[in-house]
Amino acid sequence: MGIRVQLCLMMFLQFFIWGGWFVTLGTFLGNNLGASGNQIGMAFSTQSWGAIIAPFVIGLIADRYFNAERILGILHLLGAVLMYCLYSADSFDAFYPYVLAYMLAYMPTLALVNSVSFGQMQEPAREFGKIRVWGTIGWIVAGLVISYVFSWDAKDAIAQGMLKNTFLLCAAASLLLGLFSFSLPATPPKANNGQTSLGQMLGLDALAMLRDRNFLLFFVSSILICIPLAFYYQNANPFLTEIGVENATGKMTLGQVSEVLFMLALPVFLQRFGIKLTLLVGMGAWALRYVLFAFGDADGAVVMLLLGIALHGICYDFFFVSGQIYTNAKASEQSKSAAQGLITLATYGLGMLVGFWVAGRITDLFAQGGGHDWQHIWLYPAGFAAVIFVLFLLSFKNERIESHE
């Protein structure tokens, strides 16, 4: 099996696992474990705690002592066991410790798959999108399997508790990726094996990147824009299911289909327009998406909902993926893994930790008669994203990523 095929399969499984249970988590918790909006926010925020710890795990281990692909394998094998525990949990109190432990194991793997990929590339800005797109395909396949093969998200199936089978499916996929990881190309530590400080061992040397004014602005903006993003991850599936959209999980894969298309266009856009406009397009799409959700419905305005879902490709690619490429270009050779962990901390960590808490509070605030006032809920993240867009527009100076980066 060629290296390129190995990397594509790695990305496919990495995001198949995540998309296979995370999209329907809010619906499962609310309908099957009787969780409140605040409790659902707690469950989603475990992703953030994992992301906050991830830079230290990666900086201490992947950049210093052990091959990235071996750590990746160990963490996914542990994840397979924890996924089975989630499948077996019968209450929120039993569920929460396992989902917290799982996310502490899973979130560092996001930086690890990037490190393994970048380690095999001569021109990441040109090559990475073609590999990363297979992660998006994995997420799409997971959603289609849930909605159209097993129909676990159908109204009757949800009532019967069938959504818990998503955890069993992902346990099997995690076991497969864990074993497969040990066959990936060797990605040894690149750091100097001589004497190092405690800060370097923990990956804190990547924090030196924040001395660069532009990168600092990007870092802060990444934290802030992920506050409204958390509303999508936490509320989109319960929202669509509650208002009566059929096969909601399958329809949500439209966002990943658009992600595939825009991922392939991203290198050209970056080279032609620079990083600033690329990031601004992603931020603007977030604000527009939430406005569409606020005023769409499952009947006459379903097109607005589908368009809002389809905007996910721009939202994700033009901010997250371009941000990963930008971070790789700005990092030193010795701290590239730690730098990827740092941006994971900013986005999936600090930003979404606040975002899930806010989303849970606002969702409970507008709960009414067994449902929710979704229009008011969605206008909050729309307004916040618009404010961040304007601040970034006025403060960030454009840069171009050289092709060799």
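Note that the coordinates shown come from a computational prediction; the quantities given were computed from them, not determined experimentally.

So, on to the packing of aromatic side chains. The geometry of an aromatic ring pair is captured by the separation of the ring centres together with the interplanar angle, meaning the angle of the planes. Under the criterion given, the structure shown has 43 aromatic pairs. Directly above the aromatic system of F15 lies the positively charged group of R132, at a separation of 4.0 Å from the ring centroid. The ring of Y232 is capped by R289, whose NZ or CZ atom sits 3.8 Å from the centre of that ring.

A cluster of nonpolar residues, L216, V220, L224 and F384, forms a patch on the protein surface that exposes about 280 Å² of accessible area. Residue contributions to the nonpolar patch peak at three residues, all from helix α10 (residues 213-242). Locating V220 in the fold gives a position in helix α10.

Counting through the fold element by element, T166 comes out in helix α8 (residues 165-181). Within the structure, the side chain of T166 is placed 2.7 Å from the backbone oxygen of L163, a separation counted as a polar contact. Not counting residues up to four positions away in its chain, the partners in contact with T166 are G20, W21, T24, I146 and W152.

Take N235: it is sitting in helix α10. Within polar-contact distance, the side chain of N235 engages the side chain of T363 at 3.0 Å. Residues in contact with N235, not counting those within four places in the same chain, are A359, T363, W374, I377 and W378.

Let's shift gears to the environment of G135. Checked against the element boundaries, G135 lands in helix α6 (residues 124-149). Taking C-alpha positions, G135 is 29 Å from N31, a pair spaced 104 residues apart along the chain. In this view, G135 contacts M11, F12 and F15; residues no more than four positions away in its chain are not counted.

What counts, and at which threshold
- Residues numbered from 1 in each chain as written.
- Predicted model: local features only at pLDDT ≥ 70, side-chain atom pairs only at ≥ 80, totals over all residues.
- Heavy atoms only, no water.
- Phe/Tyr/Trp six-rings, centres within 6.5 Å; stacked < 30°, edge-to-face > 60°.
- Lys NZ or Arg CZ within 6 Å of the ring centre and 35° of its normal.
- Patch = residues over 30% accessible without salt bridge, like charges linked within 9 Å, V, L, I, M, F, W, Y side chains within 5 Å.
- Areas by Shrake-Rupley, 256 points an atom, 1.4 Å probe, with all protein chains shown as cover.
- Salt bridge = Lys/Arg side-chain N within 4 Å of Asp/Glu carboxyl O.
- Helix = DSSP H or I, 4+ residues; strand = E, 2+ residues; numbered from the N terminus.
- Polar contact = N/O pair within 3.5 Å; in protein donor to acceptor, adjacent residues only side chain to side chain.
- Contact = heavy atoms within 4.5 Å.

Note that every value here comes from positions in space, so none of it alone points to a role or purpose.
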